[in-house]
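Listed below, chain by chain, are the residues.
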2 protein chains.
Amino acid sequence: MDAIDTMTSERFRHALSRLGAAVNVITTAGPAGRHGMTASAVCSVTDSPPTVLVCMNRRSGSHQRFRDNGTLCVNVLAGHHQALSTRFATPAEAAARFDYDHWTELVTGAPVLADASAALDCRISQVSDVGTHSVFFCEVVGVSLAAQAGGLVWFDRAYHALGTG
Amino acid sequence: MDAIDTMTSERFRHALSRLGAAVNVITTAGPAGRHGMTASAVCSVTDSPPTVLVCMNRRSGSHQRFRDNGTLCVNVLAGHHQALSTRFATPAEAAARFDYDHWTELVTGAPVLADASAALDCRISQVSDVGTHSVFFCEVVGVSLAAQAGGLVWFDRAYHALGTG
């Protein structure tokens with residue numbers, strides 16, 4: 001083990017690259033318009049009430065749209081969704097992001113990826129600001145599940161497919 | 001896709017089982033004593049200042065010890081750490097948890113697993129309560145990295161080893 005005595009951003013990011021995380025496309029719809037982006041900073045919080053959280057940079061153009069709409073759907077990606085993940089992370093393709101794949105909706109109207117491994121349709125219930133980011137606490141009001149449990153994980157700066165979906 | 005119209009805890013947990021998450025042992029030391037537990041509800045927040053978050057049930061015995069100590073180390077596990085993960089999740093083994101493996105420390109004094117894929121040694125900087133849980137925002141003050149990038153992910157209610165460590 002290389003012990004590192006001083007913290008730098010680079011070393012912090014290197015350590016975080018070891019913290020595997022599910023890849024999701026988070027979406028919203030409402031008065032601020034339809035929008036979606038790839039996000040791995042998503043975490044379960046409690047099942048009473050059913051709540052997940054999503055971290056988002058306040059300086060991103062997306063942040064205010066989610067905040068204004070108050071709706072957020074976490075579409076958990078499966079192994080075959082790598083191109084979709086890249087498309088929703090590429091600014092140049094922002095206008096055409098929803099022109100591919102099959103999108104539907106559940107309760108809030110936020111876009112739901114029809115073949116997502118799981119989709120958690122939420123209303124944003126609370127926001128905490130921490131440094132440069134906001135943490136959206138999202139109460140889950142609708143769920144869909146694919147027949148197969150597939151997963152796509154970002155680990156060591158690469159995609160890893162899990163499961164069978 | 002099976003669309004589910006109504007939210008239940010069971011369906012929520014089923015959806016969350018599709019959200020792959022890194023397995024970690026989080027530790028603390030200080031006036032409230034040394035303690036550790038397995039946790040997957042860990043998420044990166046921002047690198048300015050370097051911050052991660054950890055969600056914890058307020059009714060657990062662990063919660064108050066982390067809160068009182070104000071220190072928290074996220075030990076990111078590798079593929080060969082499954083027995084360690086199970087030991088730190090088994091209440092009956094609480095007294096002997098630290099009797100195995102090699103433990104060291106970095107800055108805060110919280111136990112650091114010597115062969116963790118990565119360890120993020122933190123001071124708890126902010127706490128938000130959401131439903132039954134507290135979210136600890138933890139400023140990272142020390143980092144260690146194993147030579148190899150290994151990962152252990154909990155997905156579809158099973159362990160999955162990633163990488164080479």
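Residues numbered from 1 in each chain as written. Chains lettered and ligands numbered in written order. Predicted model: local features only at pLDDT ≥ 70, side-chain atom pairs only at ≥ 80, totals over all residues. Heavy atoms only, no water.

Our focus in this paragraph is the confidence of the model for chain A. Residues and elements named next belong to chain A. This prediction gives chain A a mean pLDDT of 93; 96% of its residues lie at or above 70. Low pLDDT, under 50, characterises residues 1–5; the predicted model gives this stretch 14 contacts beyond four residues in sequence or across chains. The ipTM assigned to the predicted complex is 0.94, against a pTM of 0.95. (pLDDT = per-residue confidence, 0-100. Contact = heavy atoms within 4.5 Å.)

Take the interface of chain A and chain B next. Listed as interface residues are 67 residues of chain A and, on the opposing side, 67 residues of chain B. Where chain A meets chain B, there are two salt bridges. For aspartate 47 of chain B, the salt bridge goes to arginine 13 of chain A, with nearest N and O atoms at 2.7 Å. On inspection of chain A and its partner chain B, the count reaches 15 residue pairs in polar contact (both at pLDDT 80 or more). Examining the composition of the side of chain A that touches chain B, we find that nine residues originate from one element, strand 11 (residues 133–145) of chain A, more than from any other. Grouping the amino acids of the side of chain A that touches chain B by side-chain chemistry returns 38 nonpolar, 22 polar and seven charged. (Salt bridge = Lys/Arg side-chain N within 4 Å of Asp/Glu carboxyl O. Polar contact = N/O pair within 3.5 Å; in protein donor to acceptor, adjacent residues only side chain to side chain. Helix = DSSP H or I, 4+ residues; strand = E, 2+ residues; numbered from the N terminus. Nonpolar A, V, L, I, M, F, W, Y, C, P; charged D, E, K, R; others polar.)

Next up on the list: the relation of the copies chain A and chain B. Note on the copies: chain A fits chain B at an RMSD of 0.0 Å, the axial shift is 0.0 Å, and the rotation between them is 180°. One copy is carried onto the other by what is essentially a two-fold rotation axis. Across chain A, the smallest distance between a C-alpha and the rotation axis is recorded for alanine 21 of chain A, namely 2.6 Å. The fraction of interface residues of chain A whose copies in chain B are also interface residues reaches 100%, indicating that both copies meet through the same surface. (Least-squares fit on C-alpha atoms with pLDDT ≥ 70 in both.)

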